[in-house]
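Geometric and topological summary
This is what each chain is made of:
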Amino acid sequence: MDQSLKDKIYKAQCFGDVEPIEYMVPYPNIASLIDGMIVKHSDKMLYTDEGWTRMDFHNKVKRTANWLSGQGVNPKERVSLGPLSFPDAELLAFAVWTLGASLVIADESTSEEAAKITNASFSILESPFPDCLSGQPDAFEPTYIPLLSDEALIFCLPDKSVRLSHYNILVNTYAVEKALSLDDKTVHFSELKPNSTAWVVLQLLLPLYTGGSFSSNASTCHFGKDIQLLEGPQFFHKLKPREICIVPENTAVLSIGKKAVHMTGIKEESNKLQIEGHSVMMGYLDNNMNDKYFHNGWFYQDWKND
């Protein structure tokens, strides 16, 4: 990607005069959530239905990262994750980031092609658990610590592949926490599959980010039931207060009801939607698409014709 195109994307990632280098999250990368959650209340339940405390999840992630390293996966490489079930997909995703690698997920119609499209060095199509944890230590020493600006995720769809940074994902997660007033007493639940950016933000990161727990029993924040997820395109004057608009180009959540999430700006003109802000993606894998959709400090999309 040439510098002029990088500049176009960067301008769209600014929110007014606030640049994305003025980081709005307290974490240096996504993997640091795992270490942060055990600083206090390490014995608090995280995945209640599985009987996993925060420390249990932490240790399993570290052991899985050691297994990935033993499979020859290196930092900065891409690892393609197939449609695994909960909580195996969650463990593997955090293990990839703990290793300093980038995760590849895909829409169901594109999952078989995702590794090739993204030049992934390793693919996980079947669950390696529990055998992969055998003999692995509970500690992992990374050889590379990702920056917030580094690529964390590629989401592949039939007609496009969206690149997201560690910061994109963390700031979008924070925006949801802020908009819904979630906290460490929140009991989260959803049944999202690992084939969307909504899964990454709302199911994978949000329970850890808020300090809450995840359980099908007595949930207080149930995505897909209490709060409906609407895959874009959606015109915002039609959205209801408990409906979330999902747009991968804005990481995952674009708006809750008619209101754009924190550090995100929206303009709607006829069939065209303009988006700016810190959740705006790093860009598509295809630079021709980047050149087409990034202009004048905004990401543009024509919902009618695209």
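To keep things clear, this report deals only with the structure shown in the data block. (Residues numbered from 1 in each chain as written. Predicted model: local features only at pLDDT ≥ 70, side-chain atom pairs only at ≥ 80, totals over all residues. Heavy atoms only, no water.)

Moving on, we come to the overall build of the protein. Within the protein one finds eight helices and 19 strands. The C-alpha radius of gyration computed for the protein amounts to 18 Å, which stays within 12% of the reference 19 Å derived for 306 residues, consistent with globular compactness. In terms of its C-alpha atoms, the protein occupies a principal-axis envelope of roughly 55 × 40 × 35 Å. When each of the 306 residues of the protein is scored for burial, the buried share is 56%. Taking the contacts inside the protein whose residues are at least 6 apart along the sequence as the reference set, 71% of them involve residues at least 24 apart. (Helix = DSSP H or I, 4+ residues; strand = E, 2+ residues; numbered from the N terminus. Rg over C-alpha atoms; globule rule 2.2 N^0.38 Å. Buried < 20%, exposed > 50% of the residue type's maximum accessible area, 1.4 Å probe, protein only. Contact = heavy atoms within 4.5 Å.)

In spatial order, the strands read β11-β12-β13-β14; together these four strands make up an open sheet with mixed pairing. Only two strands of the sheet have a single neighbouring strand rather than two, namely β11 (228-231) and β14 (259-260). The pairing of β11 with strand β12 (residues 243-246) spans four bridges and is classified as parallel. Residue pairing across strands places L230 opposite C245, the latter belonging to β12. (Pairing = 2+ DSSP bridges.)

This brings us to the environment of R163. Tracing the backbone shows R163 in strand β7 (residues 160-165). Looking at R163, the relative accessible area reads 17%, which means it is buried. Once the C-alpha coordinates of R163 and K6 are considered, the two residues, 157 residues apart in sequence, prove to be 13 Å apart. Ignoring any residue separated from it by four or fewer positions in sequence, one finds R163 in contact with R78, E151, L153, I154, N168, M281, M282, G283, Y284 and L285.

Now for the side chain of H58. With respect to the secondary-structure elements, H58 resides in helix α3 (residues 54-70). In this view, H58 contacts I34, D35, M37, I38 and D138; residues no more than four positions away in its chain are not counted.

The subject of this paragraph is the pairing of strand β19 (residues 298-302). In terms of residue burial, β19 counts as a mostly covered element, since four of its five residues are buried. Bridging between strand β16 (residues 272-277) and β19 involves four bridges; their strand directions are antiparallel. Looking across to β19, one finds that Q274 is bridged to Y300. As paired strands, strand β18 (residues 294-295) and β19 are joined by two bridges and run antiparallel to one another. Across the sheet, the residue bridging to F294 is F299, located in β19.

With that settled, consider the packing of α3 against helix α4 (residues 88-99). Orientation of α3 relative to α4, taken along the N-to-C sense of each, is 65°, at an axis distance of 8 Å. As for how α3 packs across α4, the hand of that crossing is right-handed. Residues F57, K60, V61, K62, T64, A65, W67, L68 and S69 of α3 form the contact with α4, whose own contacting residues are E90, L91, L92, F94, A95, V96, T98 and L99. Looking at the contact of α3 with α4 residue by residue, the classes come out as eleven nonpolar, three polar and three charged. (Axes fitted to C-alpha atoms, helices over the stretch in contact; angles between N-to-C directions. Left-handed = near helix turned anticlockwise from the far one by under 90°. Nonpolar A, V, L, I, M, F, W, Y, C, P; charged D, E, K, R; others polar.)

Bringing the packing of α4 against helix α7 (residues 197-210) into the picture now. With their axes 11 Å apart at the nearest point, α4 and α7 run at an angle of 80° to one another. Considering their axes alone, α4 and α7 lie roughly perpendicular with respect to each other. Between α4 and α7, the contacting residues are A89, E90, A93, F94 and W97 on the first element and W199, V200, Q203, L204, L205 and L208 on the second. When its residues are assigned to classes, the contact of α4 with α7 shows nine nonpolar, one polar and one charged. (Parallel < 35°, antiparallel > 145°, perpendicular 65-115°, else oblique.)

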